Amino acid sequence: MPGPATVTVTVQVDAYGWGAAVGRKNSAWFGNKIASFDDDSVLKYREDGWMWQSATAKQYTTFRNKVFSVTMPVGYTKAQLIAAINQ
């Protein structure tokens, strides 16, 4: 008997840093700009482009990302996807 129906979801998780905590120069302006990414829980296309396009930003900020896949039940919720990502 087959198990429950599943779907593979590919996600990209981005990690941003700024200031002395990540070995860069301190800047409240860059910190606030990065913090604003989380205002709507959605990172719009190229919303973070200034970070990897600007030589100045690279003095104050860091950016890492990871792309991976998780297997989810068909009809999964956003909360289920977040839980799977955080495992």
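Right, let's talk about the overall build of the protein chain for a bit. Along the protein chain, the regular secondary structure elements total four helices and two strands. Mapped from its N terminus to its C terminus, the protein chain presents α and β elements in the order β-α-α-α-β-α. Counting only C-alpha atoms, the protein chain reaches 60 × 25 × 20 Å along its principal axes. For the protein chain, with 87 residues in total, the buried portion stands at 24%. Partitioning the intrachain contacts of the protein chain with sequence separation of at least 6 by distance along the chain shows that 66% fall at a separation of at least 24. Summed over all atoms, the accessible surface of the protein chain reaches about 6400 Å², with 55% contributed by carbon and sulfur.

With the rule as written, the count across this model stands at six aromatic pairs. One aromatic cluster in this structure is built from Tyr16, Trp29, Phe30, Phe37, Trp50, Tyr60 and Phe63. Lying across the ring of phenylalanine 68, lysine 66 places its NZ or CZ 5.8 Å from the centre.

Bringing the environment of glutamine 53 into the picture now. Here glutamine 53 is to be found in helix α2 (residues 49-53). For glutamine 53, a relative accessible area of 53% translates into the label exposed. Taking C-alpha positions, glutamine 53 is 12 Å from phenylalanine 63, a pair spaced 10 residues apart along the chain.

The rules behind these values
- Residues numbered from 1 in each chain as written.
- Predicted model: local features only at pLDDT ≥ 70, side-chain atom pairs only at ≥ 80, totals over all residues.
- Heavy atoms only, no water.
- Helix = DSSP H or I, 4+ residues; strand = E, 2+ residues; numbered from the N terminus.
- Buried < 20%, exposed > 50% of the residue type's maximum accessible area, 1.4 Å probe, protein only.
- Contact = heavy atoms within 4.5 Å.
- Areas by Shrake-Rupley, 256 points an atom, 1.4 Å probe, with all protein chains shown as cover.
- Phe/Tyr/Trp six-rings, centres within 6.5 Å; stacked < 30°, edge-to-face > 60°.
- Lys NZ or Arg CZ within 6 Å of the ring centre and 35° of its normal.

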